[in-house]
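# Topology and contacts: notes
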Amino acid sequence: MYATSLIFLSFALASGLAAQEGSFDKTLVVSGPVNLDIKTASGGITVTQGLAGSVQIHAILRAEHGWFGSDHLEERMKELERHPPVEQNGNHVRVGYVQGRDLLRGISMRLEIRTPSDSQIQARAESGAIRVDGVRGPVECKTESGGIEIHDVVADVRAAAESGGVHIRNIKGSVSARAESGGIEAMEVAGRIDVETQSGSIRLDQTSAAPINARAASGGVTVKLAPASGYDISAETASGRISVPAMIVQGAYSPHHIDGKIGNGGPLVRIRAASGSVRID
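Computed from a predicted model, the values in this text were never measured in an experiment. (Residues numbered from 1 in each chain as written. Predicted model: local features only at pLDDT ≥ 70, side-chain atom pairs only at ≥ 80, totals over all residues. Heavy atoms only, no water.)

### A few points about unusual backbone geometry
The phi torsion of most residues other than glycine is negative, and most of the peptide bonds are trans. Put simply, the test is: The numbering of helices and of strands both runs from the N terminus, where a helix is a DSSP run of H or I of at least 4 residues and a strand a run of E of at least 2. Exposure classes here rest on a 1.4 Å probe applied to the protein chains alone. A residue is buried below 20% of its type maximum, exposed above 50%, and partly exposed in between.
Here Gly137 and Pro138 are connected by a cis peptide whose omega angle stands at 5°. Relative to the helices and strands, Pro138 resides in the loop between β9 (130-133) and β10 (139-143). For Glu188, which is not a glycine, the phi torsion comes out positive at approximately 55°. Within the secondary structure, Glu188 sits in strand β15 (residues 184-189). On the basis of relative accessible area, Glu188 is assigned to the partly exposed category, the value being 31%. Phi angles above zero are rare outside glycine, and Ala228 is one such case at about 55°. Mapping Ala228 onto the fold places it in the loop between β19 (221-224) and β20 (231-237).

Structural data, given as structure tokens:
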């Protein structure tokens, strides 16, 4: 009898958990450049390059821990499935803007979107990671809790993460990134770089000469400059050492501060590290 009760209870729990999951899919027809505006409270966002002429949206809905079996959660999931929060006005597409914040209470909504390469992206997540790959841009991402990854973008990139790292690679435009708690990595950047982290290290790699401004409150800074290019350098660290390539030193030099020129000079590279070393290659 006891074993039978356990089997019944396990089956009931499994059935209940299955009922607390859902999804929706939506495909939109577009023509020309797409402006894609995405938002989720919890669950994360992924945007990748898809076919020209369509935006394909897949959402995964799940009950969050602690909300199981309460507050009409299953009804609200079904409402999201029946009426997906997707709006289209020509080539301007908004995803995740629900009518009434209570609709998503206790529900995570992970958004997976495939969009034409000629798209610009605005993505915001209160809790969850954001990833964007292979679009023209510009791209702007913000998350309160979760990391950000942005790869292969032609235009400018902006990223801000309150809790989580920022990883950016192969950007033809400029990069601006902020991280409150987590490191920043911006590699193969062709344009201007402006980054700041409160807790975490910074690693930068530039493919053509442009201004660089990097500030780290707690963590080191490593910068790889564009090859065969001239720069003006201003590097300072309160606690740590500075390593720079051969350069013409201007003014006073110390292990914690240096100003100078590489080659004939060029765009300004300004590095400030409150706690950590600075290395420029």
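### What about the pattern of salt bridges?
The condition that has to hold: By convention in these notes, a salt bridge is any Lys or Arg side-chain nitrogen within 4 Å of a carboxyl oxygen on Asp or Glu.
All chains considered together, the criterion is met by 15 salt bridges. Where Glu112 meets Arg110, a salt bridge forms, and the shortest distance between an N and an O atom there is 3.3 Å. A relative accessible area of 29% means that Glu112 is categorised as partly exposed. The class of Arg110 is partly exposed, set by a relative accessible area of 27%. With a shortest N-O distance of 3.0 Å, Asp281 and Arg279 are connected by a salt bridge. Several salt bridges share partner residues, and in doing so they unite Arg178, Asp194, Glu196 and Arg215 into one network.

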